[in-house]
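So the chains spell out like this:
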Protein chains: 2
Amino acid sequence: MKKRHLISTCTRVLVLAALPLIGFVPTAQCQTRLSDYIRPFVGTQGEGNTYPGPSAPFGMIQISPDTDTTNWETDSGYEYTDPTIQGFSLTHLSGTGCPDLGDFLFMPQVGQPALFPGRKDHPEEGYQSAFSHQDESAAAGYYSVKLLKSGVTAELTAGERAGMLRFTFPASDQASILTDLSHIIGPWHVAESRVRIEDNSTITGFHLINGWAKERYLYFAARYSRPFDGAVILSDGRPVIYNSYANYRFRSRREAAGTRLQFFALFKTHAGEVIQVKVALSAVCSADALQNLDAEIPGWDFDKVRAATRASWDRELRRVQIEGTPQQKETFYTSLYHALLVPNLYEDVNGDYRGFDQNIHRAKGFTDYTVFSLWDTFRAEHPLLALIHAKRDSDMINSMLAHYDQSADHLLPMWELQGNETWCMIGYHAVPVIVDGYLKGVRGFDAQRAYDAIKTTAMNPDYDGLAAYRRLGWVPCDEENESLSKTLEYAYDDWCIAQMARALGQTNDYAHFMKRAAGYKNIYDPSIGWMRPKDSRGHWRAPFNPHAFGGGEHLADVTEGTSSQYSWFVPQDVPGLIALMGGREKFIAKLDSLFTDTEATKELSPADQRGCIGEYWHGNEPSHHIIYLYCYAGQPWKTARLLHQVVTTQYGNQPGSLCGNDDCGQMSAWYLFTCLGFYPVCPGSDYYVIGAPQIPKAVMRLSNGKTFTMTAEDLSDRNIYVQSVKLNGKNWDSTFLPYAELKNGGKIDFTMGPQPSTTWGIHPSIPE
Amino acid sequence: MKKRHLISTCTRVLVLAALPLIGFVPTAQCQTRLSDYIRPFVGTQGEGNTYPGPSAPFGMIQISPDTDTTNWETDSGYEYTDPTIQGFSLTHLSGTGCPDLGDFLFMPQVGQPALFPGRKDHPEEGYQSAFSHQDESAAAGYYSVKLLKSGVTAELTAGERAGMLRFTFPASDQASILTDLSHIIGPWHVAESRVRIEDNSTITGFHLINGWAKERYLYFAARYSRPFDGAVILSDGRPVIYNSYANYRFRSRREAAGTRLQFFALFKTHAGEVIQVKVALSAVCSADALQNLDAEIPGWDFDKVRAATRASWDRELRRVQIEGTPQQKETFYTSLYHALLVPNLYEDVNGDYRGFDQNIHRAKGFTDYTVFSLWDTFRAEHPLLALIHAKRDSDMINSMLAHYDQSADHLLPMWELQGNETWCMIGYHAVPVIVDGYLKGVRGFDAQRAYDAIKTTAMNPDYDGLAAYRRLGWVPCDEENESLSKTLEYAYDDWCIAQMARALGQTNDYAHFMKRAAGYKNIYDPSIGWMRPKDSRGHWRAPFNPHAFGGGEHLADVTEGTSSQYSWFVPQDVPGLIALMGGREKFIAKLDSLFTDTEATKELSPADQRGCIGEYWHGNEPSHHIIYLYCYAGQPWKTARLLHQVVTTQYGNQPGSLCGNDDCGQMSAWYLFTCLGFYPVCPGSDYYVIGAPQIPKAVMRLSNGKTFTMTAEDLSDRNIYVQSVKLNGKNWDSTFLPYAELKNGGKIDFTMGPQPSTTWGIHPSIPE
């Protein structure tokens, strides 16, 4: 990012005022606010797949500019290097690796309205407009851009379910605001849509998308700040109007149903005329969308909505207050912002939501959420929420339990998207989310009900090779794709189930699932020293290349990676893995090789190589815990060195700073934990792994209101190695941070230095 | 109909038992019940477009066999002359001229299940089966047929929202019951469908149809009387099953979404094994369909459901008890059955329904109905309901007012179908329904609110040439199709509005609408003696042929008929029409010519000529009142002669007895009134026109509980002319029956004879 996208007025005044004084002294009148550090453009260039538009924390609505809908790599709709904007749609996925959403595009135009977006390199053909980053800014709850074609300035803000678009028009007899109901991000199909002109300044609409989510219903309502001077609905590019000779009989011009619908609000504008559009969503019905709109934004005060959302972000960001350089703060708070965008609110103000069975349910005793990217978020995103946001985590767990109740397959969600199961990715990682939450004190859900759902899910006779896995102890590669990854992830999930079984006194279940959790050993091939796919007769996959993406020729044994990455996925039993690999020395040597071998990456395209350190690939989740494994083997300085490398090279405050998909906050949550000096290598366990802090100080406000403070004395770009640690005032030589030491608040004090300590953490006391 | 389709056990026993006795003496133990006279096959051959399957009175569900889905003339799905049955679907339109519904086909099969219906002449290709009328029967609430291909006997029964299918299978390892979610009657599009296996004997499903109704949502639930031995969902003919190598990752085999879905319940059956399926509908959601199912049919007693629906029909038919021959009773009670099938219940047991705005509403203080074929049913169907079924009529009026409230165009319904406006046909004939109801004492709705809706509808600036009609006094033929018919029908509707305005004391409105009501005079061309299209400059359409269908070359000035038929549509001012046509003699001569001229019909196809008497076409509604116009001109014997001709040649108890579309009961309601000796020529007026009774005696139970009795002394096939009338004991020479003489009960006694009376009715005292 070549320029600062937002310098708040407040900050600028401060800087000027501070000049003659003694440096940077925030005053009570005009303090720099934490939300000022949010850089919404981070991750919008390349594979981060974030979006720059405004959203409230965990909000239902995300209004953001779309520059592309067809490029699979632009899954959020916005790519920073694109030259044009198609318009502003109301929903966006944050950091996913699959496109969807982008529902209901709003785009102002001046002159004869265009009906198609046109091509990026020929925006004059359509309604998309060139723009310049010079005329663009984004902040917490706010985005603005000047559209060069029309001269319209577009500003966006968003509350939880409703938001506003503010358009400043030039003088024109032909000003218009398009709503394109067929706009969607990704190659998806509009099965049905509908739009209605409710009155002379209100419309409602709907579409049903067959996309990543197989059957996704979304409704919207829009109120305009003044009556239309004209209004027309187009279906397949033709006006739906009363025309006695074109239509044999009357057809309403006030509503239409079809698969390619567009609505144009037409205005005659004077120079500088501001026309605002209030919008809201519902997954239930258009009446609920209108109710959400009027309940959340009764007036027309754009700045009030913006200020309220900014204040919400300030409240959220205060959960972790840090010290550091402006760049560190921008990176940290933007990461926290990304971590607190998703999952998304999915119930209306009246508590109704569309269930996984497509029936309308009322959320009783909880708030319903959607967008569960669980294969990613079980790792650090949900452990973060459990720690600092237990109420939300509880609501999310209840949402998943409702999903289970509504599931035809009696399964907890895998990758849930707006009331649909996408069956994306593998494992049953709702389990570690629920178990880690439960064991970390998240309450507000029925533990026994949750356990029943967990166990039923893990016993499903149909799901992805589970039956064979239960029979054999591994997922057989001749019967099931991705068998290597599934075996490892199931074993970890099963270990989590065992922990909850133990907590609930289910002794038999504990034994059963602990046995399953050891199944990872069944696919370790000592002859090659790596995890290896095994068939149903017990024969190893041959040929097999542990360094090949997907596993080699078959290309489907390993999920989005190599065995050389996946072999480390035994978070539940690292000592067991160490033993399996021949002891600590061999374990370390193999781990070292991961960061130097390049066989796996040499055939990757440049786009896929982002985040690679040897065969370690920070751009995707299977690698996320691996750096911390040195801490189990007495060489925490290697963890420290690599963490520093990743933090300084693969995160930042620039559009291109994210090395891979943010994946609904997981990439960001990794960063947040890592900065704080510890990481949940094994969610569901009662400890974190101490790595190396990346910021000088942080104060976390835990879910229970207690604070836990981290300090890193002498931390600098050179002093990256932990020399010693004090935990709640005691010397702490372990590389493990027990949850018990954290949960009631307290402090951890690191002393950092330029060389690895020869004493700290070299005798890891591995928690059992 | 070559054979009697149902002789109830009861009747057979009676006949045998009665032989040695003194004739036909019903006993208390085993009386012939009115429902025994229902002949559901009437109207299923040719253009009647009725269906033979079971339905409760005004029921939401109509389970019936479908023999065709593609022939536009088989709009109910069943054509009596077809040799095969595709299966049994859950919804059917009764007598419409446009195909739709046929939702959710159930079909038992034996052997390898077929996936396509196949062709009629090659049923072996698909799942459709040959059948014989010898093996088929239908009665109130019951239908059965033996499917020759599989040997399965299928029996159907239906309650209000739920019904049952009972299949008796032969022994087979490969028995199955298909549910085809893509089956639909007509050339319509499945925009989306979904099916879910809820448990081992329950499924739910849904489809969204873009059809005659632009966006029609319907949900179903089905419970099977025993667990499936297997179950499979097909999408586009391919199994949706767990198959690790065909599908890269897990896909549920318990649910699917798509546009061509089929569910197969698989069974191993022993000889004679009965498998029952309980089914229910909802327009709201599948949860409501399940709720409707379990509330209405908690058990598995097919015969109990059948008996309950039969009892409902007995209760309904007792509203008009007649004497007559078995054939007269069969024709009469079948007509009453058809008149009381539609409109259809549209709310769930919890009161929820899908509104015209596609939001879910709860009906408060009324029961919601759908299927309003108003261009047809304002004529005699709704006047019949107002007279004998005021509560239902009130609910229907409230349903229409809710539709108005939910209409984007602020219009009362025109041709409503399952929460959609089809914009089918012309006029705004919700108006006469509401006005006639109100003036006939139908209560339970807010009269002022109804009046506001009526007036707003009639003032709509967009609807079908209304603006020009208000400006000019006629609908101009250069600006609007069907201008001749629209002008005449608007004028009548406006007269109705005036009557309600007067009743509510709206004097100015009364004058305004009475002026509009006289607009029919603007398009009467004395030079040709017929109504004639006029353009916006006041010039007559030329060339113009009053005897040509549609009006001649332009083919779009007259709605489904000729000016020679439509010129008589001035029910609100027949004296004015008589004057316009040059007085009584000329009026009569012209009316005579209608029944002898053949120019209009000679070019019609044989199929379209059904019901033609000269240019009078009983097969379509614009002619329905015309025969009664002789009674305004002092020649009631011509009415009598023609009524007798129509009743004896165009109605009956056979499949082919109906000469035209039953049109949701209108054809049948015409017959019912005509049999009773009077007809609502001008709904909204305070009188009926006395024609000539066609049955010897009838006792009507009016909505207020009073009875009105009709007797026709000496009526026979020869004695068809009214000689004299006594009304409530008084001699009654008028051909008009005031509502005031009827509403408190009483009697009308006709004396019939073989020759026209030279005295009765020759001095018509035309009500003003």
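Treat the numbers as computed from the prediction; the structure is a model and nothing was measured. (Residues numbered from 1 in each chain as written. Chains lettered and ligands numbered in written order. Predicted model: local features only at pLDDT ≥ 70, side-chain atom pairs only at ≥ 80, totals over all residues. Heavy atoms only, no water.)

**Q** Would you take a moment to explain the interface of chain B and chain A for this structure?
**A** For interface size, the figure often reported is the accessible area lost on association. Listed by partner, the interface residues are 57 residues for chain B and 57 residues for chain A. Here chain B packs against chain A, burying approximately 4,700 Å² in sum over the two surfaces, 43% of which is carbon and sulfur. For the pair chain B and chain A, the number of links is six salt bridges. The salt bridge involving Arg194(A) is made with Glu215(B); its shortest N-O contact spans 2.8 Å. Here chain B and chain A share 16 residue pairs in polar contact (both at pLDDT 80 or more) between them. (Contact = heavy atoms within 4.5 Å. Buried area = accessible area lost by both parts, 1.4 Å probe. Salt bridge = Lys/Arg side-chain N within 4 Å of Asp/Glu carboxyl O. Polar contact = N/O pair within 3.5 Å; in protein donor to acceptor, adjacent residues only side chain to side chain.)

**Q** Hey, could you run me through the relation of the copies chain B and chain A in this one?
**A** Relating the two copies of this chain is a rotation about some axis coupled with a shift parallel to it. Once chain B has been moved 0.0 Å along the axis and rotated by 180°, it coincides with chain A to within an RMSD of 0.0 Å. This pairing of chains is accounted for by a two-fold axis. By C-alpha distance to the rotation axis, the residue of chain B lying nearest is Ala191(B), at 2.8 Å. Same-surface contact between copies: 100% of interface residues of chain B are shared with the interface of chain A. (Least-squares fit on C-alpha atoms with pLDDT ≥ 70 in both.)

**Q** I keep staring at the packing of helix H6 (residues 381-388) of chain B against helix H18 (residues 666-676) of chain B and nothing clicks. Help me out?
**A** Axis angle and axis distance: for two packed helices, these are the angle between their axes and the distance between the axes, and together they describe the pair. Residue and element names in this part refer to chain B. Contact pair H6 / H18: the axes reach a minimum separation of 8 Å and the direction vectors enclose 55°. One element, H6, and the other, H18, form an angle in the oblique class. Along its contact with H6, which presents Glu381, Pro383, Leu384 and Leu387, the element H18 presents Gln666, Ala669, Leu672 and Phe673. In terms of residue class, the contact of H6 with H18 is made up of six nonpolar, one polar and one charged. (Axes fitted to C-alpha atoms, helices over the stretch in contact; angles between N-to-C directions. Helix = DSSP H or I, 4+ residues; strand = E, 2+ residues; numbered from the N terminus. Parallel < 35°, antiparallel > 145°, perpendicular 65-115°, else oblique. Nonpolar A, V, L, I, M, F, W, Y, C, P; charged D, E, K, R; others polar.)

**Q** Teacher, can you tell me more about the packing of aromatic side chains here?
**A** Describing an aromatic ring pair means giving the distance of the ring centres and the angle of the ring planes. One pass over the full model with this rule turns up 94 aromatic pairs over all chains. Note on Phe206(A) and Tyr219(A): the rings are 4.7 Å apart at their centroids and 25° apart in plane angle, and the pair reads as stacked. You can see Phe206(A) sitting in strand S12 (residues 202-210) and its partner Tyr219(A) sitting in strand S13 (residues 216-224), a full 13 residues away along the chain. A residue is classified by how much of its surface remains accessible, and Phe206(A), at 0% relative accessible area, is buried. Taken together, a centroid distance of 4.4 Å and an interplanar angle of 50° make the contact between Trp212(B) and Trp415(B) tilted. Of this pair, Trp212(B) sits in the loop between strand S12 (202-210) and strand S13 (216-224) while Trp415(B) sits in strand S25 (residues 415-417), placing them 203 residues apart in sequence. The exposure classification of Trp212(B) matches that of Trp415(B), with both residues buried. (Phe/Tyr/Trp six-rings, centres within 6.5 Å; stacked < 30°, edge-to-face > 60°. Buried < 20%, exposed > 50% of the residue type's maximum accessible area, 1.4 Å probe, protein only.)

**Q** Looking at this structure, how should I read the pattern of salt bridges?
**A** Pairing between side chains of opposite charge can happen when the charged atoms of each approach one another. This structure, assessed with the given rule, holds 72 salt bridges over all chains. Arg216(A) is the salt-bridge partner of Asp103(A), the closest N and O atoms lying 2.9 Å from each other. Highlighted residues: Asp103(A) in the loop between strand S3 (87-89) and strand S4 (105-110) and Arg216(A) in strand S13, separated in sequence by 113 residues. By relative accessible area, Arg216(A) is classed as buried at 1%. With a shortest N-O distance of 2.9 Å, Glu296(A) and Arg161(A) are connected by a salt bridge. One end of the pair, Glu296(A), is in helix H2 (residues 286-296); the other, Arg161(A), is in the loop between strand S8 (153-158) and strand S9 (162-169), and 135 residues separate them in sequence. Here the salt bridges do not stand alone but share partners, grouping Arg196(A), Glu198(A), Glu255(A) and Lys214(B) into one network.

**Q** I keep staring at unusual backbone geometry and nothing clicks. Help me out?
**A** Residues other than glycine predominantly adopt negative phi, and peptide bonds predominantly adopt the trans conformation. For the peptide bond that leads from Val342(B) to Pro343(B), omega is -5°, which places it in the cis range. By the secondary structure assignment, Pro343(B) is in the loop between helix H4 (326-339) and strand S20 (344-345). Phi at Met425(A) is positive, roughly 65°, even though this residue is not glycine. With respect to the element layout, Met425(A) can be found in the loop between strand S26 (420-421) and helix H8 (430-439). Phi at Glu482(B) takes a positive value of approximately 55°, unusual for a residue other than glycine. On the basis of relative accessible area, Glu482(B) is assigned to the buried category, the value being 0%.

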